[in-house]
Amino acid sequence: MCVNIFESIVLGVVQGITEFLPISSTGHLILAREFLGIGDVNGLAFDVVLHFATALAIAIYFRADIMSLVKQLFSSPVNYIKEHRTIFLTYILAGIPVVIVGLFAETYIESFFRSSTSVALTLIFGGILFIIAELISRRNQNKSTSVSLKQGVIIGLVQVLALIPGMSRSGSTISAGLLSGTTRTAVARFSFLLALPLLFGVGIKKMLDLSGGEQAFAYTPLIVASITAFFVGYISLSWLMKILSKNSLIPFALYRFALAVYILAFFQ
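Novice: Account for the overall build of the protein, with residues named and values stated.
Specialist: Summing up its helical and strand segments, the protein has 11 helices and zero strands in all. Written out in order from the N terminus, the α and β elements of the protein read α-α-α-α-α-α-α-α-α-α-α. Split into buried and exposed, the 268 residues of the protein put 49% on the buried side. The contacts in the protein between residues at least 6 apart in sequence include a share of 83% that link residues at least 24 apart.

Novice: Please set out the packing of helix H1 (residues 5-18) against helix H2 (residues 25-36) residue by residue, giving values where relevant.
Specialist: Close contact between H1 and H2 brings their axes to 9 Å; oriented N to C, the two are set at 160 degrees. Here H1 is positioned roughly antiparallel relative to H2, judged by the angle of their axes. By crossing handedness, the relation of H1 to H2 is classed as right-handed. Two secondary-structure elements touch here, H1 through Phe6, Glu7, Val10, Leu11, Val14, Gln15 and Thr18 and H2 through Ser25, His28, Leu29, Ala32, Arg33 and Leu36. Counted by class, the contact of H1 with H2 contains seven nonpolar, four polar and two charged residues.

Novice: Help me get a handle on the confidence of the model for the protein, residues and values and all.
Specialist: With 88% of its residues at a pLDDT of 70 or more, the protein has an overall mean of 83. Per-element averaging of pLDDT across the protein places helix H5 (residues 82-112) at the bottom with 77 and helix H11 (residues 250-266) at the top with 92.

Novice: So, unusual backbone geometry: which residues are in play, and what are the values?
Specialist: Of note in the backbone geometry, Ser24 takes a positive phi value of approximately 85 degrees without being a glycine. Positionally, Ser24 belongs in the loop between H1 and H2.

Novice: I'd like a description of the nonpolar core, backed by residues and values.
Specialist: Among the nonpolar cores identified, the biggest contains 48 residues, and Ile58, Phe192 and Phe252 are the most heavily contacted of them. Contributions of two or more residues to this core are made by H1, H2, helix H3 (43-61), helix H6 (116-139), helix H8 (169-179), helix H9 (184-211), helix H10 (219-244) and H11. With residues near it in sequence (within four places) discarded, Phe192 still touches Phe20, Ile58, Phe62, Arg169, Ser170, Leu237, Leu240 and Met241. If you look at the next biggest cluster of nonpolar residues, it comprises nine residues, including Ile30, Leu31, Leu123 and Phe267.

Novice: Kindly report on the environment of Gly152, identifying the contributing residues and their values.
Specialist: With respect to the helices and strands, the residue Gly152 is situated in helix H7 (residues 149-159). By relative accessible area, which is 0% here, Gly152 ends up buried. Sequence separation between Gly152 and Tyr91 is 61 residues; the distance between their C-alpha atoms is 7.0 Å. Contacts of Gly152, omitting those with residues within four sequence positions, involve Thr90, Ala94, Val147 and Phe190.

Novice: Before we move on, could you go through the packing of aromatic side chains and cite the residues and values that matter?
Specialist: What the rule picks out here adds up to nine aromatic pairs. Centre to centre, the rings of Phe52 and Phe200 are 6.0 Å apart; their planes meet at 45 degrees, and the pair counts as tilted. Taken as a pair, Phe52 in helix H3 and Phe200 in helix H9 lie far apart in primary sequence, 148 residues in all. Judged by its relative accessible area of 23%, Phe52 falls in the partly exposed class. Taken together, a centroid distance of 6.4 Å and an interplanar angle of 25 degrees make the contact between Phe62 and Phe192 stacked. Of this pair, Phe62 sits in the loop between H3 and helix H4 (63-73) while Phe192 sits in helix H9; the two residues are 130 residues apart in sequence, bridging distant segments of the chain. Accessibility expressed as a relative area gives 0% for Phe62, which makes it buried.

Novice: An account of the pattern of salt bridges is requested, with residue identities and associated values reported.
Specialist: For side chains of opposite charge, pairing can occur when their charged atoms come near one another. Tallied over the entire structure, the rule returns two salt bridges. Between Asp65 and Arg189 there is a salt bridge, and its shortest N-O distance comes to 3.0 Å. With Asp65 in helix H4 and Arg189 in helix H9, the pair connects residues that are 124 residues apart, well separated along the chain. Relative accessible area serves as the criterion here: at 23%, Asp65 is assigned to the partly exposed category. Measuring nitrogen to oxygen at the nearest pair gives 3.0 Å for the salt bridge that ties Glu134 to Arg184.

Novice: So what's going on with a nonpolar patch on the surface? Residues and values would help.
Specialist: On the surface, a cluster of nonpolar side chains totalling about 830 Å² of accessible area is made up of Leu89, Ile92, Leu93, Ile96, Val99, Ile100, Leu103, Phe104 and Leu149. If you tally residues by element for the nonpolar patch, the top one is H5, at eight residues. Considering the arrangement of structural elements, one finds Leu149 in helix H7. A residue is classified by how much of its surface remains accessible, and Leu149, at 32% relative accessible area, is partly exposed.

Analysis parameters
- Residues numbered from 1 in each chain as written.
- Predicted model: local features only at pLDDT ≥ 70, side-chain atom pairs only at ≥ 80, totals over all residues.
- Heavy atoms only, no water.
- Helix = DSSP H or I, 4+ residues; strand = E, 2+ residues; numbered from the N terminus.
- Buried < 20%, exposed > 50% of the residue type's maximum accessible area, 1.4 Å probe, protein only.
- Contact = heavy atoms within 4.5 Å.
- Axes fitted to C-alpha atoms, helices over the stretch in contact; angles between N-to-C directions.
- Parallel < 35°, antiparallel > 145°, perpendicular 65-115°, else oblique.
- Left-handed = near helix turned anticlockwise from the far one by under 90°.
- Nonpolar A, V, L, I, M, F, W, Y, C, P; charged D, E, K, R; others polar.
- pLDDT = per-residue confidence, 0-100.
- Core = buried A, V, L, I, M, F, W, Y, C linked by side-chain atoms within 4.5 Å.
- Phe/Tyr/Trp six-rings, centres within 6.5 Å; stacked < 30°, edge-to-face > 60°.
- Salt bridge = Lys/Arg side-chain N within 4 Å of Asp/Glu carboxyl O.
- Patch = residues over 30% accessible without salt bridge, like charges linked within 9 Å, V, L, I, M, F, W, Y side chains within 5 Å.
- Areas by Shrake-Rupley, 256 points an atom, 1.4 Å probe, with all protein chains shown as cover.

Laid out in structure tokens, this is it:
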């Protein structure tokens, strides 16, 4: 049994929207699969293409920032000032916790928290975290417009929560940034650039897992899903970066609460 074209479009749209919005892509994909009645059919193959598609959307949207970082990386020692070294060190240290936990515990975490009930409870927990982060951030009158080394480490530690289906990587990292005294737009930019190697890495890991199995799948639905996820993802990322400059995470928290109630009522 393989996922058909319509189902692949639905999965691509869901991934494209929810990968960047703080409402949990994994949780929504689980619900979308249950709603379509396809369970985990071709699940690993779709995980591969969807991760690569959304990573590509990030790379293109932040291409100017990435090129700037690359130029700094290959600049001469005279021009390679302390600030640049700190930026790279911040990204490296922030990415270490989720890599370590992901390598040793991702399979266990995904299997343990994959039920609709656990997704609903995680949605509620994430929503509460958003509200607390926003309330604390509003009291802080001296927010930084860039992510420091200390703030990057805090964001990296909180990013581990994103391995739990329903939590949302963008939501947890943006909340961590707000709690540590960073503006929403600054931490969102840092969060998505931090996610780039992670998404590519997860995609490669799952591709290796896929190559070692006997799973049969059709290529056309995978291509359709990846193209859909890329374009929808790029649009949702652009929209999120614009609204975060003027709006809070609280509307997303309310959406998470409503979705959790719906899941508990109809997906048991």
